Amino acid sequence: MEKYYLSLGVWRCLKKQNNYFMRRIFFIALCFACLASFSSSAQTPKNWLDTKGHVINAHGAGVLYYNGTYYLFGEIKKGNTWRVPNQDWEDYRVPAGGVSCYSSKDFQHWKYEGVALSPVKGQPDGDLDTGRVIERPKVIYNAKTRKFVMWMHVDKKDYSYSQAGVAVSDSPVGPYKYIRSVKPNGNMARDMTVFKDDDGKAYLVFSSDNNNTMDICLLSDDYLSPTKTHVPTLVNRRREAPAVFKSNGKYYLISSSCTGWSPNAATYAVADKMLGTWKEYGNPCTGPGADSTFSAQSTYVQWIKGKGFLFMADIWNKTDLEKSTYIWLPLKVTNGGVMINNPVK
Ligand code: GAL
């Protein structure tokens with residue numbers, strides 16, 4: 001506001017002096033200043049640090065809340081970014097770095113717990129080889145087996161493999177033991193999340209059918225396998241980066257469009273049951289930057305005790321993926337509608 005009054009004062013002063021040249025220069029400078037302040041307001045901290053002062057490396061992340069502690073799991077992106085040749089899309093890659101884990105009591109101070117799932121070197125045909133793809137890891141706790149179960153998207157560098165990988169651990173922070181990967185009910189599986197409902201049932205939600213359809217598949221009681229119970233949803237809508245949450249008995253699914261590492265507008269869908277029927281609504285984001293999800297792509301929605309829902313998204317830096325950052329924003333559900341605003345000005 002102060003900046004606005006200052007600009008208005010200078011403008012009037014130049015007008016009084018009838019100085020047209022200076023007024024034009026001043027107007028152009030003002031336009032640049034407005035643009036610069038808009039783009040900086042759409043960003044979050046560049047260097048988001050853990051409790052030891054190291055940059056947090058957890059992309060496409062998910063959260064597990066267990067015994068009063070939040071555990072954050074994400075893709076480790078480290079090393080040179082390169083572009084896979086002969087692809088008709090911007091297939092930028094870093095070596096698959098495995099899955100990191102951080103813990104926090106307050107969702108602000110994050111302690112690094114180490115590599116929860118390690119990649120493997122020198123096994124080009126193995127799911128966890130550093131030359132392949134490990135993305136969007138999500139962890140849930142199985143109260144019956146007392147195991148922590150991690151699901152993730154595993155792929156070849158050209159995304160032709162399209163499988164869902166599963167790993168298990170006795171401790172939330174790992175190490176997780178990789179079991180296998182599957183094509184649930186024969187379907188391709190790329191971007192994904194898992195959702196555990198209040199009744200203990202868990203679902204794998206994944207971009208399927210070459211990203212044309214979002215499939216929702218009930219997991220077995222031990223959470224280690226897909227069951228035959230599944231529904232193709234958002235058919236032919238080409239959605240990815242799913243983030244699911246429940247509020248007042250309704251289920252919400254936020255997703256992005258398919259533009260690779262480049263941001264686009266999110267949409268959300270609502271259902272009375274996880275297995276549908278899902279109805280798609282518009283963009284939950286509002287205000288400047290809403291049409292690019294504030295330069296980011298959805299990954300997770302977490303309920304924070306005493307605070308409300310938090311929408312978590314990745315700001316990808318496609319030509320230097322290690323430098324990708326994050327944006328976490330408050331999410332509100334009002335009269336069944338979802339609203340995400342970027343209050344950082
Ligand atoms: C995005 C997807 C990311 C990653 C990327 C590769 O659309 O959400 O997880 O797979 O494509 O280009």
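K.L.:
Report on the overall build of the protein, specifying residues and quantitative values.
P.N.:
Counting its regular elements, the protein contains two helices and 23 strands. Looking at the protein as a whole, 50% of its 345 residues qualify as buried. Within the protein, residue pairs in contact and separated by at least 24 positions form 48% of the contacts whose partners lie at least 6 positions apart. Just so you have it, the protein exposes about 16,900 Å², and 55% of that area is on carbon and sulfur atoms.

K.L.:
Talk me through the site of the ligand; I want residue IDs and the actual numbers.
P.N.:
Close to the ligand lie Trp89, Glu135, Arg136, Tyr159, Asp191, Glu240, Gly260, Trp261 and Gln297, which account for all nearby residues. Here Tyr159 contributes a side-chain N or O atom positioned 3.1 Å from an oxygen atom of the ligand. In this structure, Trp261 approaches the ligand through a side-chain N or O atom, which is 3.3 Å from an oxygen atom. In terms of residue class, the shell around the ligand is made up of three nonpolar, two polar and four charged.

K.L.:
Which residues make up the pairing of strand S21 (residues 308-315), and what values go with them?
P.N.:
The element S21 is largely enclosed, with a buried count of eight among its eight residues. Both strand S20 (residues 297-304) and S21 contribute to a ladder of seven bridges, which runs antiparallel. By the bridge assignment, Gln302 is partnered in S21 with Leu310. Between S20 and S21, which pair antiparallel one after the other, the connecting turn spans three residues, and Gly306 there sits at a positive phi close to 75°. One ladder, built from seven bridges, connects S21 with strand S22 (residues 325-334); its direction is antiparallel. Each bridged residue has a counterpart across the sheet, and for Ala313 the counterpart in S22 is Ile327.

K.L.:
Describe unusual backbone geometry, listing the residues and the values that go with them.
P.N.:
Pro175 follows Gly174 through a cis peptide bond whose omega is 5°. Cis geometry is adopted by the peptide bond preceding Thr277, which originates at Gly276 and carries an omega value of 5°. Here Thr277 lies in the loop between strand S17 (267-271) and strand S18 (279-280). At Arg238, a residue that is not glycine, the phi angle is positive and equals roughly 50°. As for its placement among the helices and strands, Arg238 is situated in the loop between strand S14 (226-233) and strand S15 (239-247). By relative accessible area, which is 35% here, Arg238 ends up partly exposed. For Asn335, which is not glycine, the phi torsion reads 50° and is therefore positive.

K.L.:
Can you explain the pairing of strand S12 (residues 202-208)? Please cite residues and give values.
P.N.:
Along S12, seven of the seven residues are buried, which leaves the element largely enclosed by surrounding structure. Alignment of strand S11 (residues 192-196) against S12, held across five bridges, turns out to be antiparallel. What sits directly across from Met192, in S12, is Phe206. The turn linking S11 back onto S12 is made up of five residues, and Gly200 within it adopts a positive phi angle of 90°. Direction of pairing for S12 relative to strand S13 (residues 213-219): antiparallel, over a ladder of six bridges.

K.L.:
Break down the packing of aromatic side chains for me, citing the residues and quoting the values.
P.N.:
Overall, the coordinates contain 19 aromatic pairs when judged by the stated rule. Taking the centre distance of 5.0 Å and the plane angle of 50° together, the rings of Phe107 and Trp328 count as tilted. In this pair, Phe107 sits in the loop between strand S5 (96-104) and strand S6 (111-117) while Trp328 sits in strand S22, placing the two residues 221 residues apart along the sequence. Relative to Phe309, the ring of Phe245 lies with its centre 4.8 Å away and its plane at 50°, an arrangement referred to as tilted. Here the residue Phe245 occupies a position in strand S15, and Phe309 occupies one in strand S21, the gap between them amounting to 64 residues. One exposure class covers both Phe245 and Phe309, and it is buried. Members of the aromatic cluster, connected to one another through ring pairs, are Trp48, Tyr65, Tyr70, Phe107, Trp110, Tyr326 and Trp328.

What counts and how
Residues numbered from 1 in each chain as written. Predicted model: local features only at pLDDT ≥ 70, side-chain atom pairs only at ≥ 80, totals over all residues. Heavy atoms only, no water. Helix = DSSP H or I, 4+ residues; strand = E, 2+ residues; numbered from the N terminus. Buried < 20%, exposed > 50% of the residue type's maximum accessible area, 1.4 Å probe, protein only. Contact = heavy atoms within 4.5 Å. Areas by Shrake-Rupley, 256 points an atom, 1.4 Å probe, with all protein chains shown as cover. Near = heavy atom within 4 Å. Polar contact = N/O pair within 3.5 Å; in protein donor to acceptor, adjacent residues only side chain to side chain. Nonpolar A, V, L, I, M, F, W, Y, C, P; charged D, E, K, R; others polar. Pairing = 2+ DSSP bridges. Phe/Tyr/Trp six-rings, centres within 6.5 Å; stacked < 30°, edge-to-face > 60°.

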